[in-house]
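Understanding the architecture of this molecule
So the chains spell out like this:
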Amino acid sequence: MKGHRDESGMVLDIRNLSSPARSVGLNRFTNESVEAAASVSGGKLHKWIAGSFCLLCILQAALNVSLRLALPLQDSMNKEREEQKRQLDYIASQLNFLTKEREELKRKLEDFAHYAQQGWLYFNGSFYYISSITKTWQDSRDDCLQRGAVLAIISNTEEQEFIRLQQKVMWIGLTDRETEGVWKWVDETPLTASFWYSGEPNNFKHRNEDCVVINHYYDYENNWNDAACENLNFWLCEKDM
Ligand code: MAN
Ligand code: CA
């Protein structure tokens, strides 16, 4: 039925109305229709907004939950990465250290082969060279320097034993040339452990004996003698490795 129900509930058929009345009726019908349509679409909008809001809430909640789960995971991953980096740094430093160590050992081995080949003797971290000719103390000292070594410095009983067992009268790097009675090694260190033969040093018969030689009393643990530096003797060079 084409009509419109007015406020009283009666159905109004606008086709039966006079022209002005129809116009009024039409206007009224149109306005109310728009209002009704608006109220319908307003309701839909509310529903849509409410629905969207709910959806947003759900999304937010899901985001919160996933963030709460993801953050500790991220944290532990970062820590693991830091630990891996630390371990990598440590391995790199170890590698660097070992590479240097290997170079050092290679150099030592080459030195060892070189000195052994030239007849040097190895004892407790040092190489020793025993001359086959004789020279004054100063010339002997110079010879050792030319060989990249020094006239032997005896630091302890073991070294004294090793040298004594070579059974050769040899200059060693000890002198009191600077100050009479003040014995000094060629590297300027003072004398601490000494192995003088009995009665030495004696400046024998008031001669100036300022340089030290390994005496021929090889059977005695202590066999140093002070002798005149101008004497000709074999000599002993020492090179620390
Ligand atoms: C020689 C030299 C001296 C030493 C005496 C010991 O004369 O070697 O230096 O002191 O012998 O009798
Ligand atoms: Ca003497």
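One structure accompanies this document, and this report is about it.

**A closer look at the nonpolar core**
- Formed by 33 residues in total, the largest nonpolar core has its most connected members in I154, I163, W171, I172 and W224.
- When residues of this core are traced back to their parent elements, those giving at least two are β4 (126-130), α2 (137-146), α3 (157-164), β6 (170-175), β8 (211-214), β9 (224-227) and β10 (234-240).
- Not counting residues within four places of it along the chain, the set of residues in contact with I172 comprises W137, L151, A152, I154, W185, V212, I214 and W224.

**Details of the coordination of the calcium ion (ligand 2)**
- For the calcium ion (ligand 2), the full set of protein donor atoms is E200 (OE), N202 (OD1), E209 (OE), N225 (OD1), D226 (O) and D226 (OD), at a range of 2.2 to 2.5 Å.
- All donors of the calcium ion (ligand 2) come from a single chain, and their spacing in sequence reads E-x1-N-x6-E-x15-N-D. Note that E209 is positioned in the loop between β7 (184-185) and β8 and N225 in strand β9, a separation of 16 residues in sequence. Summarising the burial analysis for this pair, E209 and N225 share the class buried.

**Some points on the site of ligand 1**
- What surrounds ligand 1 is the set E200, N202, F204, E209, N225 and D226.
- E200 places a side-chain nitrogen or oxygen 2.6 Å from an oxygen atom of ligand 1.
- A distance of 2.6 Å separates an oxygen atom of ligand 1 from a polar atom in the side chain of E209.
- Coverage of ligand 1 by the protein chains reaches 60% of its 310 Å² of free accessible surface.
- Tallied by class, residues from the shell around ligand 1 come to 1 nonpolar, 2 polar and 3 charged.

**What about the state of the cysteines?**
- The tally for this structure, following the rule as stated, stands at 2 disulfides.
- Disulfide pairing is shown between C144 and C237; the S-S distance is 2.0 Å. Residues C144 and C237 are joined through a disulfide that is left-handed, its torsion about the S-S bond being -85°. Here the residue C144 occupies a position in helix α2, and C237 occupies one in strand β10, the gap between them amounting to 93 residues.

**A word on the layout of surface pockets**
- A volume near 160 Å³ is recorded for the largest pocket.
- Residue lining of the largest pocket: W137, R141, T175, D176, R177, E178, T179, V182, K184, W185, V186 and E188, and that is the complete set.
- Within the residue set of the lining of the largest pocket, elements represented by two or more residues are α2 and β7.
- Among the residues making up the lining of the largest pocket, the classes are represented as 4 nonpolar, 2 polar and 6 charged.

**Looking at the packing of aromatic side chains**
- Evaluated as defined, the whole model comprises 15 aromatic pairs.
- Taking 5.6 Å as the distance between ring centres and 80° as the angle between the ring planes, the aromatic pair formed by W196 and W224 counts as edge-to-face. Of this pair, W196 sits in the loop between β7 and β8 while W224 sits in strand β9, and the two are 28 residues apart along the sequence.
- One cation-aromatic arrangement involves K168 over F234; the distance from NZ or CZ to the ring centre is 4.1 Å.

**Regarding the pattern of salt bridges**
- Enumeration over the complete set of coordinates arrives at 10 salt bridges.
- Measuring nitrogen to oxygen at the nearest pair gives 2.5 Å for the salt bridge that ties R147 to D143.
- We classify R147 as partly exposed; its relative accessible area is 30%.
- Each of E104, R107 and D111 takes part in salt bridges that share partners, so that together they form one network.

**Structural notes on unusual backbone geometry**
- The omega torsion of the bond from E200 to P201 falls at -5°, within 30 degrees of zero and hence cis.
- When you line up the elements, P201 lands in the loop between β7 and β8.
- The phi torsion at Q167 lies on the positive side, around 50°, for a residue other than glycine.
- Take Q167: it is sitting in the loop between α3 and β6.

**Let's talk about a nonpolar patch on the surface**
- A grouping of L45, W48 and I49 is seen on the molecular surface, where their side chains present a nonpolar patch of about 360 Å² in accessible area.
- Turning to its location among the elements, L45 is positioned in helix α1 (residues 19-117).

**A short note on the side chain of E200**
- Of note, E200 is situated in the loop between β7 and β8.
- No salt bridge is formed by the buried E200, whose closest oppositely charged neighbour, R207, lies at an N-O distance of 9.6 Å.
- A distance of 3.4 Å separates polar atoms of two side chains, one belonging to E200 and the other to N202.

Criteria and cut-off values
Residues numbered from 1 in each chain as written. Chains lettered and ligands numbered in written order. Predicted model: local features only at pLDDT ≥ 70, side-chain atom pairs only at ≥ 80, totals over all residues. Heavy atoms only, no water. Core = buried A, V, L, I, M, F, W, Y, C linked by side-chain atoms within 4.5 Å. Buried < 20%, exposed > 50% of the residue type's maximum accessible area, 1.4 Å probe, protein only. Helix = DSSP H or I, 4+ residues; strand = E, 2+ residues; numbered from the N terminus. Contact = heavy atoms within 4.5 Å. Donors = N, O, S within 2.8 Å, 3.2 Å for Na, K, Ca; no water. Near = heavy atom within 4 Å. Polar contact = N/O pair within 3.5 Å; in protein donor to acceptor, adjacent residues only side chain to side chain. Areas by Shrake-Rupley, 256 points an atom, 1.4 Å probe, with all protein chains shown as cover. Nonpolar A, V, L, I, M, F, W, Y, C, P; charged D, E, K, R; others polar. Disulfide = S-S within 2.5 Å. 1 Å grid on protein atoms, 1.4 Å probe; cavity = no way out; pocket = protein on both sides within 12 Å on 5 of 7 lines; lining within 4 Å. Points joined across faces, edges and corners; volume = space filled by probe spheres on them. Phe/Tyr/Trp six-rings, centres within 6.5 Å; stacked < 30°, edge-to-face > 60°. Lys NZ or Arg CZ within 6 Å of the ring centre and 35° of its normal. Salt bridge = Lys/Arg side-chain N within 4 Å of Asp/Glu carboxyl O. Patch = residues over 30% accessible without salt bridge, like charges linked within 9 Å, V, L, I, M, F, W, Y side chains within 5 Å. Lys, Arg positive; Asp, Glu negative; His and termini not counted.

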